[in-house]
Amino acid sequence: MKLDRNHAWLERARRVVPGCAQTFSKGPLNFVAGATPAFLGRGQGARVWDVDGNEYVDYLLGLGPVILGYADTEVNRAAAAQMEAGVSFSLSHPVEVELSELLVSLIPCAEMVRFGKNGSDATAGAVRLSRAVTGRDKVARCGYHGWQDWYIGSTDRWQGVPEAVRALTLSFPYNDPEALDRLFAAHPGAIACVILEPVTFDPPRAGYLEAVRELCHANGALLIFDEVITGFRFGLGGAQTYFGVTPDLACFGKALANGFPLSAIVGKAEFMRRFEDVFFSFTFGGETVSLAAALATIRALRDRGGVASIWDAGERLRRGTQTLIEETGLAGTIECAGYPPWTTLRCPNALPEQALLLRSLFQQECAARGVLTIGAHMISVAHGAGEIDWTLAAYREVFRILAEAQASGAPERWLRGSPMRTILRP
Ligand SMILES: Cc1ncc(COP(=O)(O)O)c(C=O)c1O
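Residues numbered from 1 in each chain as written. Predicted model: local features only at pLDDT ≥ 70, side-chain atom pairs only at ≥ 80, totals over all residues. Heavy atoms only, no water.

*Asks:* Honestly, the environment of P426 in this entry has me stumped. Any pointers?
*Replies:* Structurally, P426 is set in the segment after α14 (385-408). Looking at P426, the relative accessible area reads 64%, which means it is exposed. In this structure, the C-alpha to C-alpha distance between P426 and I152, residues 274 residues apart in sequence, is 8.3 Å. If we ignore the near neighbours within four places in the chain, the residues touching P426 are R141, Y151 and T155. (Helix = DSSP H or I, 4+ residues; strand = E, 2+ residues; numbered from the N terminus. Buried < 20%, exposed > 50% of the residue type's maximum accessible area, 1.4 Å probe, protein only. Contact = heavy atoms within 4.5 Å.)

Written as structure tokens, this is what we have:
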């Protein structure tokens, strides 16, 4: 695989772009630098082409947004029509209301809606709203929620966040209602909200999400579901529809507009109305091209049976991957976890450094066979049986290499670039 132009762009980026990318997850930390592509030039459907012209089936989807596939004709047409009419206006535009109405019709907790650009806008806005509603300062969180101070200060990437802010965010583990109960008991009357990703790769235990909701309400806190990833992927109504648990507020982003920058806070009117006073207000909140793209995206998902097709393709990949893991003798070393729309390979019994090495080798060998992945799979509507079978054919070879590397006792020697590194320990 020729990567000359990729390397040249990376060299140029090193001089002018700190971290070489706009998002940690797209930069050299998350890839086997030297042995995998660094710059993409084009995408169509489920496929992308790097700047050297190498083609890949893509399982990153722009970190999740590209739910219909790249360059979707209907979405692009809607966006282009809106662009012709104007992008950002001096007053509100009807498309804001239309999209709000559509979200209210689909998402159980949504009675009112406000828009942002990044998922972080939505989570930060929901946290601020909860603090205003309850008059409390502390926040309990579980999962990843973006780059803003209130969240990132509670991780090991806290540099630059004041200690006073860091002290206000408390973490709790998933699937352990007693731990959340203890947190409420340790901070009586102080926690404004609980914000969590309703699911990542491990299923919620029976009754867990219901217990979280009960604990919140018994303690006077709001429950926020961070559906930035699960939104439109688990269902048009998000994970809250899938699991039948309705939060007070929810945050959406990523897949909302098939790659156009848009996020949303939705929730019960009694709380959302507080945005009449709470400051959630910025220049591009009503930018119309992304709003028009979101309308087209959601309608296309609905009219094409998009969610069902994502689940079908994801299940075909999940099952096929698990079978190959067993056939190549890697059961116990690697497993394919998660729900069909979003799965990951993980090493349940390895130390973090060993797991990262295997993941790096996996990524390197996949890239060489036309599959772009960091070891996880985001599925789009454009991932058909052809893409999945192509991927599984690559995995058959890649898992054999992994088994051999593992047996050699020195998998690092099989790497042709520097291994991936941990971006964040939440
Ligand atoms: C669950 C979750 N919440 C919030 C965010 C933050 O979204 P953004 O990066 O668009 O600000 C992300 C981003 O990956 C996410 O996965």
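*Asks:* I would appreciate a short explanation of helix α3 (residues 94-106) in the present structure.
*Replies:* Side chains of residues three or four places apart in an α-helix project in the same direction, reflecting 3.6 residues per turn. Compared with an ideal rise of 1.5 Å per residue, which puts 13 residues at 18 Å, α3 spans 19 Å between its outermost C-alpha atoms and is within 8% of the ideal. Among all positions in α3, only V95, L99, S100, L102 and L103 are buried. Considered in projection along α3, the buried side chains sweep an arc of 160° and stay on one side of the axis. Residues of α3 that are exposed and point over 90 degrees away from its buried face: P94, E101 and S105. As for α3, its buried residues are in contact with β4 (112-116), β10 (263-267) and α11 (288-303). (Expected span 1.5 Å × (residues − 1). Arc of directions from axis to C-beta.)

*Asks:* What exactly am I supposed to notice about the site of the ligand here?
*Replies:* Close to the ligand lie N118, G119, S120, Y144, H145, G146, E197, D226, V228, I229 and K254. One nitrogen or oxygen atom from the side chain of D226 is found 2.6 Å from a nitrogen atom belonging to the ligand. Between an oxygen atom of the ligand and a side-chain N or O atom of K254, the distance comes to 2.9 Å. Burial of the ligand by the protein chains amounts to 82% of its free accessible area of 390 Å². (Near = heavy atom within 4 Å. Polar contact = N/O pair within 3.5 Å; in protein donor to acceptor, adjacent residues only side chain to side chain. Areas by Shrake-Rupley, 256 points an atom, 1.4 Å probe, with all protein chains shown as cover.)

*Asks:* Looking at this structure, how should I read the layout of surface pockets?
*Replies:* Rolled over the atoms, a probe sized like a water molecule indicates the empty space that remains. In this structure, the second largest pocket encloses a volume near 580 Å³. Taken together, 29 residues make up the lining of the second largest pocket; nearest its centre are K26, F31, A38, F39 and L40. Listing elements by their share of the lining of the second largest pocket, those giving two or more residues are α1 (4-16) and β1 (40-44). Among the elements that take part in the lining of the second largest pocket, β1 stands out by supplying four residues, more than any other. (1 Å grid on protein atoms, 1.4 Å probe; cavity = no way out; pocket = protein on both sides within 12 Å on 5 of 7 lines; lining within 4 Å. Points joined across faces, edges and corners; volume = space filled by probe spheres on them.)

*Asks:* Help me understand the sheet that holds strand β11 (residues 335-339) in this model?
*Replies:* One key point about sheets: their strands pair by backbone hydrogen bonds, in either a parallel or an antiparallel sense. The three strands lie next to each other as β11-β12-β14, forming an open sheet whose pairing is antiparallel. Edge positions in the sheet fall to β11 and β14 (376-378), since each of these pairs with one other strand and no more. Mean inter-strand twist for the sheet, computed between neighbouring axes without regard to direction, equals 15°. Packed onto the sheet, helix α12 (residues 306-327) meets β11, β12 (342-346) and β14 and runs at close to 160° relative to β11. (Pairing = 2+ DSSP bridges. Axes fitted to C-alpha atoms, helices over the stretch in contact; angles between N-to-C directions.)

*Asks:* Quick question: what am I supposed to make of the nonpolar core here?
*Replies:* One recurring pattern in soluble globular proteins is that nonpolar side chains are buried together. Membership of the largest hydrophobic core comes to 106 residues, with the highest contact counts inside it found for L103, F232, V266 and F399. Both domain 1 (4-70 + 305-414) and domain 2 (88-286) contribute no fewer than three residues apiece to this core. Not counting residues up to four positions away in its chain, the partners in contact with F232 are I67, L103, G238, F252, A255, L256, I298, L301 and V307. Ranked by size, the runner-up nonpolar core spans 26 residues in total, among them V127, V161, I195 and I423. (Core = buried A, V, L, I, M, F, W, Y, C linked by side-chain atoms within 4.5 Å. Domains from an automatic or database assignment.)

*Asks:* I tried to follow the packing of helix α13 (residues 352-368) against α14 on my own but got confused; where do I start?
*Replies:* Working note: a packed helix pair is described by the angle between its axes plus the distance between those axes. Two elements in contact, α13 and α14, have axes separated by 10 Å at closest approach and are oriented at 140°. Between α13 and α14 the crossing geometry is right-handed. Contacts between α13 and α14 involve L358, L361, F362, E365 and C366 from the first element and Y395, V398, F399, I401, L402, A405 and Q406 from the second. Per-class residue counts for the contact of α13 with α14 are ten nonpolar, one polar and one charged. (Left-handed = near helix turned anticlockwise from the far one by under 90°. Nonpolar A, V, L, I, M, F, W, Y, C, P; charged D, E, K, R; others polar.)

*Asks:* What is the right way to look at α1 in this model?
*Replies:* Relative to the 18 Å expected for 13 residues at 1.5 Å per residue, α1 spans 19 Å between its end C-alpha atoms, a close match to the ideal helical length. Among all positions in α1, only N6, L10 and A13 are buried. The arc that holds every buried residue of α1, seen down its axis, measures 65°, which confines them to one face. Opposite its buried face, α1 presents the exposed residues R5, R15 and V16, each directed more than 90 degrees away.

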